[in-house]
Amino acid sequence: MTDNKQNITLRIDCHEVRLTVDRDKEEVYRKAAVTLNETYKRYAETYPQLSVEKLWVYTALEVAVNLHSDIRDKDLQPLLDKLKELNDKLDKR
């Protein structure tokens, strides 16, 4: 293992996940595991009648939607900044 890699173990639900990750990504992996666990727990409490598999489908869908929303928002930010700048110029007239 190189100096920039690190072995980590994450607990996701009742599963232990062992990974070798870049040191600078360790915190991201740990936060991702927390997000998955919190999202899964919320669905499990809200829909106790659903199977574990179905709960994970809902969890994965929510995480993917949030990811794509963040990507879309990031892509739109330069346009929103430009619109604000133009609006500010119009307001000053």
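Because the structure is a prediction, the values reported are computed rather than measured.

Undergrad: So what exactly am I meant to see when it comes to the packing of aromatic side chains here?
TA: Where two aromatic rings form a pair, the distance of their centres and the angle of their planes describe that pair. This model, assessed by the stated rule, comprises four aromatic pairs. On the basis of an interplanar angle of 25 degrees and a centroid distance of 4.4 Å, the ring pair of Tyr 40 and Trp 56 is categorised as stacked. Taken together, the positions of Tyr 40 in helix H1 (residues 26-46) and Trp 56 in helix H2 (residues 52-91) put the pair 16 residues apart, joining distant regions of the chain. Residue class for Tyr 40 comes out buried when judged on its relative accessible area of 11%. Taken together, a centroid distance of 6.3 Å and an interplanar angle of 20 degrees make the contact between Tyr 43 and Tyr 47 stacked. Accessibility expressed as a relative area gives 15% for Tyr 43, which makes it buried. For Tyr 47, a relative accessible area of 34% translates into the label partly exposed. One residue, Arg 42, lies across the ring of Tyr 43, its end atom 5.4 Å from the ring centre.

Undergrad: I tried to follow unusual backbone geometry on my own but got confused; where do I start?
TA: Note: most residues except glycine have negative phi, and most peptide bonds are trans. Positive phi values are uncommon outside glycine, yet Asp 13 reaches one of about 55 degrees. For Asp 13, the position within the fold is in the loop between strand E1 (5-12) and strand E2 (15-22). Accessibility expressed as a relative area gives 28% for Asp 13, which makes it partly exposed.

The rules behind these values
Residues numbered from 1 in each chain as written. Predicted model: local features only at pLDDT ≥ 70, side-chain atom pairs only at ≥ 80, totals over all residues. Heavy atoms only, no water. Phe/Tyr/Trp six-rings, centres within 6.5 Å; stacked < 30°, edge-to-face > 60°. Helix = DSSP H or I, 4+ residues; strand = E, 2+ residues; numbered from the N terminus. Buried < 20%, exposed > 50% of the residue type's maximum accessible area, 1.4 Å probe, protein only. Lys NZ or Arg CZ within 6 Å of the ring centre and 35° of its normal.

Purely geometric numbers; function is a separate question.
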